[in-house]
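Examination of the molecular architecture
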Amino acid sequence: YCGKYGDAVDAYCRALPYRENAAEERQQAKGKGESLSVDDLKGQRLLVETYALVAEALLACKEGEDVVCVNDEENEEDGNIVEKSGKNTEGKVLVAAKDRIDFAESHYDTAREKLQDIVYQMGKMAAAKVVLGDEKKDIGYLVMMLVGIGNTLEPLKTKRS
């Protein structure tokens with residue numbers, strides 16, 4: 001996003017309902033007796049990654065400034081994003097500066113909670129001798145991503161207190 005973290009927050013937040021719906025549909029199918037597949041695990045991971053990406057983008061925004069999205073739905077023509085004209089573009093405030101850390105922490109906490117479910121499911125699948133392939137590595141990357149976000153959040157939370 002080339003430093004346009006507000007636009008990144010907007011894009012990831014727009015993706016969340018789609019990821020949540022996909023994960024929910026998989027959960028409902030699993031509830032009907034189907035066993036969890038690697039694709040189901042991937043769907044859960046993608047949802048958690050989206051929460052983590054929102055938190056990461058919020059933390060990347062400049063401290064003390066509102067999180068602003070310059071490219072919003074009002075700037076789209078035929079599905080293509082169109083920049084507003086002029087250098088000093090105004091945008092839609094997504095998160096006020098004073099709430100940025102709280103929002104990041106909320107998305108981080110959600111990602112961390114959902115990651116616990118993924119790790120549990122992954123353990124059950126491994127015990128059943130299901131071959132996880134690259135998904136195991138991708139989940140490991142997600143864990144490291146969340147560790148990095150947590151390490152970034154911790155000093156900000158203590159500074160705020």
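This text follows the structure it describes.
Residues numbered from 1 in each chain as written. Predicted model: local features only at pLDDT ≥ 70, side-chain atom pairs only at ≥ 80, totals over all residues. Heavy atoms only, no water.

All right, on to the layout of surface pockets then. Quantified by volume, the largest pocket comes out at close to 280 Å³. Lining the largest pocket are 13 residues, with Gly3, Tyr5, Gly6, Glu65 and Val68 positioned closest to its centre. The element that contributes the greatest number of residues to the lining of the largest pocket is helix α1 (residues 5-31), accounting for 3 residues. Classifying every residue of the lining of the largest pocket by side-chain character gives 5 nonpolar, 3 polar and 5 charged. (1 Å grid on protein atoms, 1.4 Å probe; cavity = no way out; pocket = protein on both sides within 12 Å on 5 of 7 lines; lining within 4 Å. Points joined across faces, edges and corners; volume = space filled by probe spheres on them. Helix = DSSP H or I, 4+ residues; strand = E, 2+ residues; numbered from the N terminus. Nonpolar A, V, L, I, M, F, W, Y, C, P; charged D, E, K, R; others polar.)

Our next topic: the pattern of salt bridges. Following the criterion strictly, the structure yields 11 salt bridges and no others. A salt bridge links Glu49 to Arg45, with the nearest nitrogen and oxygen atoms 2.6 Å apart. Here Glu49 pairs with Arg45, and both are found in helix α2 (residues 38-60), just 4 residues apart, close to one helical turn. The exposure class assigned to Arg45 is buried, which follows from its relative accessible area of 5%. Among the salt bridges present, the one from Asp138 reaches Arg45, with a minimum N-O distance of 3.6 Å. In this pair, Asp138 is assigned in helix α4 (residues 134-160) and Arg45 in helix α2, connecting sequence segments 93 residues apart. For Asp138, a relative accessible area of 24% gives the class partly exposed. The network of salt bridges with shared partners includes Arg45, Glu49, Glu135 and Asp138. (Salt bridge = Lys/Arg side-chain N within 4 Å of Asp/Glu carboxyl O. Buried < 20%, exposed > 50% of the residue type's maximum accessible area, 1.4 Å probe, protein only.)

Attention now goes to unusual backbone geometry. If you check the backbone angles, Lys129 has positive phi at about 65° while not being a glycine. Take Lys129: it is sitting in the loop between α3 (100-127) and α4. A residue is classified by how much of its surface remains accessible, and Lys129, at 72% relative accessible area, is exposed.

On the secondary structure map, Glu135 appears in helix α4. Looking at Glu135, the relative accessible area reads 6%, which means it is buried. Setting aside chain neighbours within four positions, we find Glu135 in contact with Val38, Leu41, Lys42 and Arg45. (Contact = heavy atoms within 4.5 Å.)

Their axes nearest at 8 Å, the elements α2 and α3 cross at an angle of 160°. As summarised for this structure, α2 and α3 are arranged roughly antiparallel, according to the angle between their axes. Crossing angle aside, the handedness with which α2 passes α3 is left-handed. Of the residues contributing to the contact of α2 with α3, the split by class is 19 nonpolar, 4 polar and 3 charged. (Axes fitted to C-alpha atoms, helices over the stretch in contact; angles between N-to-C directions. Parallel < 35°, antiparallel > 145°, perpendicular 65-115°, else oblique. Left-handed = near helix turned anticlockwise from the far one by under 90°.)

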